[in-house]
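Residues per chain are reported as follows:
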Amino acid sequence: MNKILSAALIGALSASPAFAGGTHGGGHHDEMEVGKPGEAAHTDREIAVTMKETDDGKMIFEPSSFSFAKGETIKFVITNSGELEHEFVLDTPERNVHHKELMAKMDMEHDDPNSVRLDPGASGEIVWTFSNPGTFEFACLIPGHYESGMHGPVAVLEGGGTFTAGTVKKVDPKSGKVTIKHEELVDLEMPAMTMVFRVADDAMLEQLKAGDPIEFTAERVKGKLTITALK
(Lines give C-alpha, C1' and ligand atoms only; values in the text may rest on other atoms or scores of the structure.)
Protein backbone atom coordinates (compact mmCIF):
# COMPACT_ATOMS: atom_id res chain seq x y z
CA MET A 1 0.00 0.00 0.00
CA ASN A 2 1.50 3.38 -0.99
CA LYS A 3 1.91 6.19 1.57
CA ILE A 4 -0.84 8.38 0.06
CA LEU A 5 -3.46 5.59 0.11
CA SER A 6 -2.43 4.55 3.63
CA ALA A 7 -2.77 8.10 4.92
CA ALA A 8 -6.21 8.47 3.32
CA LEU A 9 -7.43 5.21 4.85
CA ILE A 10 -6.23 6.18 8.34
CA GLY A 11 -7.93 9.58 8.02
CA ALA A 12 -11.24 8.00 6.99
CA LEU A 13 -11.19 5.52 9.87
CA SER A 14 -10.35 8.18 12.45
CA ALA A 15 -13.14 10.47 11.18
CA SER A 16 -15.94 7.90 11.13
CA PRO A 17 -16.78 7.88 14.90
CA ALA A 18 -17.93 11.50 14.60
CA PHE A 19 -21.07 10.22 12.87
CA ALA A 20 -21.73 7.24 15.13
CA GLY A 21 -23.95 9.06 17.61
CA GLY A 22 -27.17 9.33 15.57
CA THR A 23 -28.95 9.73 12.28
CA HIS A 24 -28.58 13.47 11.66
CA GLY A 25 -24.87 14.10 11.22
CA GLY A 26 -24.12 15.56 14.64
CA GLY A 27 -26.02 12.71 16.24
CA HIS A 28 -27.53 12.17 19.65
CA HIS A 29 -25.19 11.49 22.55
CA ASP A 30 -26.27 9.40 25.54
CA GLU A 31 -26.90 12.61 27.51
CA MET A 32 -29.07 15.19 25.75
CA GLU A 33 -30.56 18.43 26.98
CA VAL A 34 -33.91 16.65 27.31
CA GLY A 35 -32.30 13.83 29.31
CA LYS A 36 -30.92 10.37 28.58
CA PRO A 37 -32.03 6.78 27.90
CA GLY A 38 -33.38 5.18 31.06
CA GLU A 39 -33.19 1.69 32.48
CA ALA A 40 -36.44 -0.26 32.34
CA ALA A 41 -35.67 -1.86 35.71
CA HIS A 42 -35.62 1.58 37.34
CA THR A 43 -38.80 3.01 35.84
CA ASP A 44 -40.70 5.34 38.18
CA ARG A 45 -43.94 5.12 36.24
CA GLU A 46 -45.47 4.02 32.96
CA ILE A 47 -47.49 6.33 30.69
CA ALA A 48 -49.66 5.26 27.76
CA VAL A 49 -49.50 7.52 24.70
CA THR A 50 -51.81 7.31 21.67
CA MET A 51 -51.10 8.75 18.21
CA LYS A 52 -54.00 9.18 15.81
CA GLU A 53 -55.90 11.33 13.34
CA THR A 54 -59.23 13.01 14.08
CA ASP A 55 -62.33 13.28 11.91
CA ASP A 56 -61.68 17.00 11.34
CA GLY A 57 -58.24 16.33 9.83
CA LYS A 58 -56.02 16.98 12.85
CA MET A 59 -53.25 14.66 14.00
CA ILE A 60 -52.89 14.38 17.74
CA PHE A 61 -51.19 12.81 20.72
CA GLU A 62 -53.13 11.75 23.79
CA PRO A 63 -52.20 13.03 26.36
CA SER A 64 -51.32 16.37 24.76
CA SER A 65 -48.78 17.44 27.42
CA PHE A 66 -46.63 16.01 30.21
CA SER A 67 -45.09 17.18 33.47
CA PHE A 68 -42.33 15.30 35.32
CA ALA A 69 -39.98 15.80 38.21
CA LYS A 70 -36.28 16.13 37.49
CA GLY A 71 -34.68 12.69 37.71
CA GLU A 72 -37.83 10.69 36.93
CA THR A 73 -37.49 7.70 34.62
CA ILE A 74 -40.60 7.23 32.49
CA LYS A 75 -41.63 4.28 30.37
CA PHE A 76 -43.72 5.58 27.46
CA VAL A 77 -45.92 2.87 25.93
CA ILE A 78 -46.85 4.35 22.57
CA THR A 79 -49.60 3.09 20.24
CA ASN A 80 -50.42 4.29 16.74
CA SER A 81 -54.19 3.93 16.55
CA GLY A 82 -54.44 6.02 13.39
CA GLU A 83 -54.43 5.13 9.71
CA LEU A 84 -51.09 6.79 8.91
CA GLU A 85 -47.52 6.23 10.00
CA HIS A 86 -46.54 8.43 12.97
CA GLU A 87 -43.54 8.95 15.25
CA PHE A 88 -42.86 10.11 18.80
CA VAL A 89 -39.70 12.18 19.30
CA LEU A 90 -38.49 13.73 22.58
CA ASP A 91 -36.20 16.76 22.25
CA THR A 92 -35.98 20.51 22.64
CA PRO A 93 -38.37 22.61 20.52
CA GLU A 94 -35.37 24.09 18.69
CA ARG A 95 -33.90 20.71 17.75
CA ASN A 96 -37.29 19.42 16.68
CA VAL A 97 -37.69 22.39 14.34
CA HIS A 98 -34.24 21.69 12.86
CA HIS A 99 -34.97 17.98 12.38
CA LYS A 100 -38.38 18.77 10.90
CA GLU A 101 -36.76 21.04 8.31
CA LEU A 102 -34.27 18.33 7.39
CA MET A 103 -37.03 15.76 7.00
CA ALA A 104 -38.95 18.10 4.71
CA LYS A 105 -35.98 18.04 2.32
CA MET A 106 -35.38 14.29 2.24
CA ASP A 107 -36.91 11.01 3.37
CA MET A 108 -35.39 10.48 6.82
CA GLU A 109 -36.36 8.20 9.69
CA HIS A 110 -35.24 8.67 13.29
CA ASP A 111 -33.44 5.72 14.87
CA ASP A 112 -32.46 7.07 18.27
CA PRO A 113 -33.37 6.10 21.85
CA ASN A 114 -35.47 9.26 22.23
CA SER A 115 -37.76 8.37 19.32
CA VAL A 116 -39.92 5.64 17.83
CA ARG A 117 -41.72 5.46 14.46
CA LEU A 118 -44.78 3.23 14.19
CA ASP A 119 -46.95 1.87 11.40
CA PRO A 120 -50.75 1.99 11.86
CA GLY A 121 -51.81 -0.38 14.61
CA ALA A 122 -48.27 -0.87 15.94
CA SER A 123 -46.94 -0.18 19.43
CA GLY A 124 -43.52 0.66 20.82
CA GLU A 125 -41.75 1.84 23.96
CA ILE A 126 -39.29 4.52 25.05
CA VAL A 127 -37.68 4.49 28.50
CA TRP A 128 -36.34 7.93 29.30
CA THR A 129 -34.75 9.68 32.28
CA PHE A 130 -35.51 13.41 32.51
CA SER A 131 -32.24 14.51 34.09
CA ASN A 132 -32.51 18.26 33.43
CA PRO A 133 -35.21 20.77 34.39
CA GLY A 134 -36.79 22.86 31.65
CA THR A 135 -39.49 22.88 29.00
CA PHE A 136 -39.06 20.36 26.19
CA GLU A 137 -41.25 18.90 23.47
CA PHE A 138 -42.59 15.65 22.05
CA ALA A 139 -43.53 15.67 18.39
CA CYS A 140 -44.09 13.79 15.15
CA LEU A 141 -41.66 15.21 12.59
CA ILE A 142 -42.97 13.39 9.51
CA PRO A 143 -43.65 16.17 6.95
CA GLY A 144 -47.01 17.81 7.58
CA HIS A 145 -47.76 16.03 10.85
CA TYR A 146 -46.29 18.64 13.21
CA GLU A 147 -48.28 21.34 11.43
CA SER A 148 -51.44 19.23 11.83
CA GLY A 149 -51.12 19.30 15.61
CA MET A 150 -48.70 16.51 16.53
CA HIS A 151 -46.58 18.20 19.19
CA GLY A 152 -46.87 19.08 22.86
CA PRO A 153 -44.87 20.44 25.82
CA VAL A 154 -42.91 18.43 28.37
CA ALA A 155 -42.34 20.34 31.63
CA VAL A 156 -39.54 18.95 33.81
CA LEU A 157 -39.67 20.57 37.24
CA GLU A 158 -36.82 20.91 39.69
CA GLY A 159 -38.91 19.21 42.36
CA GLY A 160 -37.07 18.45 45.55
CA GLY A 161 -38.54 17.70 48.94
CA THR A 162 -40.22 14.59 50.28
CA PHE A 163 -42.69 12.67 48.13
CA THR A 164 -46.03 11.97 49.82
CA ALA A 165 -48.51 9.23 48.89
CA GLY A 166 -52.08 10.18 48.15
CA THR A 167 -55.22 9.44 46.15
CA VAL A 168 -56.77 11.88 43.69
CA LYS A 169 -60.37 12.66 44.63
CA LYS A 170 -61.21 15.39 42.10
CA VAL A 171 -59.57 17.26 39.22
CA ASP A 172 -60.82 20.72 38.20
CA PRO A 173 -58.98 21.85 35.02
CA LYS A 174 -60.84 25.17 34.85
CA SER A 175 -59.56 26.32 38.22
CA GLY A 176 -56.23 24.53 37.94
CA LYS A 177 -56.87 22.65 41.18
CA VAL A 178 -56.81 19.04 42.31
CA THR A 179 -58.24 17.51 45.49
CA ILE A 180 -56.05 14.84 47.12
CA LYS A 181 -56.51 12.59 50.13
CA HIS A 182 -52.92 12.36 51.33
CA GLU A 183 -50.64 11.05 54.02
CA GLU A 184 -48.62 13.36 56.28
CA LEU A 185 -46.88 16.20 54.43
CA VAL A 186 -43.58 15.99 56.27
CA ASP A 187 -41.96 19.07 54.73
CA LEU A 188 -45.01 21.23 55.50
CA GLU A 189 -45.64 19.69 58.94
CA MET A 190 -49.25 18.92 58.01
CA PRO A 191 -51.11 15.76 59.10
CA ALA A 192 -52.86 13.33 56.78
CA MET A 193 -56.11 14.78 55.42
CA THR A 194 -57.94 15.71 52.23
CA MET A 195 -56.96 19.07 50.72
CA VAL A 196 -57.17 21.11 47.53
CA PHE A 197 -53.89 21.93 45.77
CA ARG A 198 -52.90 24.10 42.86
CA VAL A 199 -50.36 22.74 40.34
CA ALA A 200 -47.02 24.26 39.37
CA ASP A 201 -47.68 23.42 35.72
CA ASP A 202 -51.07 22.91 34.03
CA ALA A 203 -49.68 19.88 32.19
CA MET A 204 -49.92 17.99 35.49
CA LEU A 205 -53.72 18.10 35.35
CA GLU A 206 -53.79 15.97 32.21
CA GLN A 207 -51.92 13.23 34.06
CA LEU A 208 -54.42 13.04 36.92
CA LYS A 209 -57.88 11.56 37.23
CA ALA A 210 -60.13 10.73 40.16
CA GLY A 211 -59.11 7.51 41.86
CA ASP A 212 -55.44 7.62 40.82
CA PRO A 213 -52.88 6.69 43.48
CA ILE A 214 -50.00 9.19 43.25
CA GLU A 215 -46.85 10.40 44.94
CA PHE A 216 -46.23 14.14 44.99
CA THR A 217 -44.26 16.97 46.54
CA ALA A 218 -45.92 20.19 47.64
CA GLU A 219 -44.74 23.66 48.58
CA ARG A 220 -46.30 26.98 49.49
CA VAL A 221 -46.09 29.09 46.33
CA LYS A 222 -47.29 32.66 46.82
CA GLY A 223 -49.11 31.47 49.90
CA LYS A 224 -50.98 28.66 48.06
CA LEU A 225 -50.39 24.94 48.55
CA THR A 226 -48.96 23.83 45.21
CA ILE A 227 -47.96 20.46 43.78
CA THR A 228 -44.43 20.86 42.44
CA ALA A 229 -43.65 17.31 41.31
CA LEU A 230 -45.50 14.06 40.57
CA LYS A 231 -44.61 10.40 40.38
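Up top you'll find the structure we're talking about.
Residues numbered from 1 in each chain as written. Predicted model: local features only at pLDDT ≥ 70, side-chain atom pairs only at ≥ 80, totals over all residues. Heavy atoms only, no water.

(A) View of the pairing of strand β15 (residues 224-230). Of all the 7 residues making up β15, 6 are buried; the element is thus mostly covered by neighbouring parts of the structure. In terms of strand pairing, strand β13 (residues 193-199) meets β15 through 2 bridges, oriented parallel. Bridging across to β15, R198 finds its partner in T226. Examined bridge by bridge, strand β14 (residues 213-221) and β15 share 6 bridges and lie antiparallel to one another. Of the residues in β15, the one forming a bridge with A218 is I227. Here β14 folds back onto β15 in antiparallel fashion, the turn holding 2 residues, of which K222 has a positive phi close to 55°. (Buried < 20%, exposed > 50% of the residue type's maximum accessible area, 1.4 Å probe, protein only. Helix = DSSP H or I, 4+ residues; strand = E, 2+ residues; numbered from the N terminus. Pairing = 2+ DSSP bridges.)

(B) Fine view of the pairing of strand β3 (residues 59-62). Taking every second residue as pointing to the same face, the buried face of β3 carries M59 and F61, while none of I60 and E62 on the other face is buried. Note: strand β2 (residues 45-53) against β3, 4 bridges, orientation antiparallel. From the neighbouring strand, T50 faces β3, where its bridge partner is E62. The hairpin turn running from β2 into β3, its antiparallel successor, is 5 residues long, and G57 in that turn takes a positive phi close to 95°.

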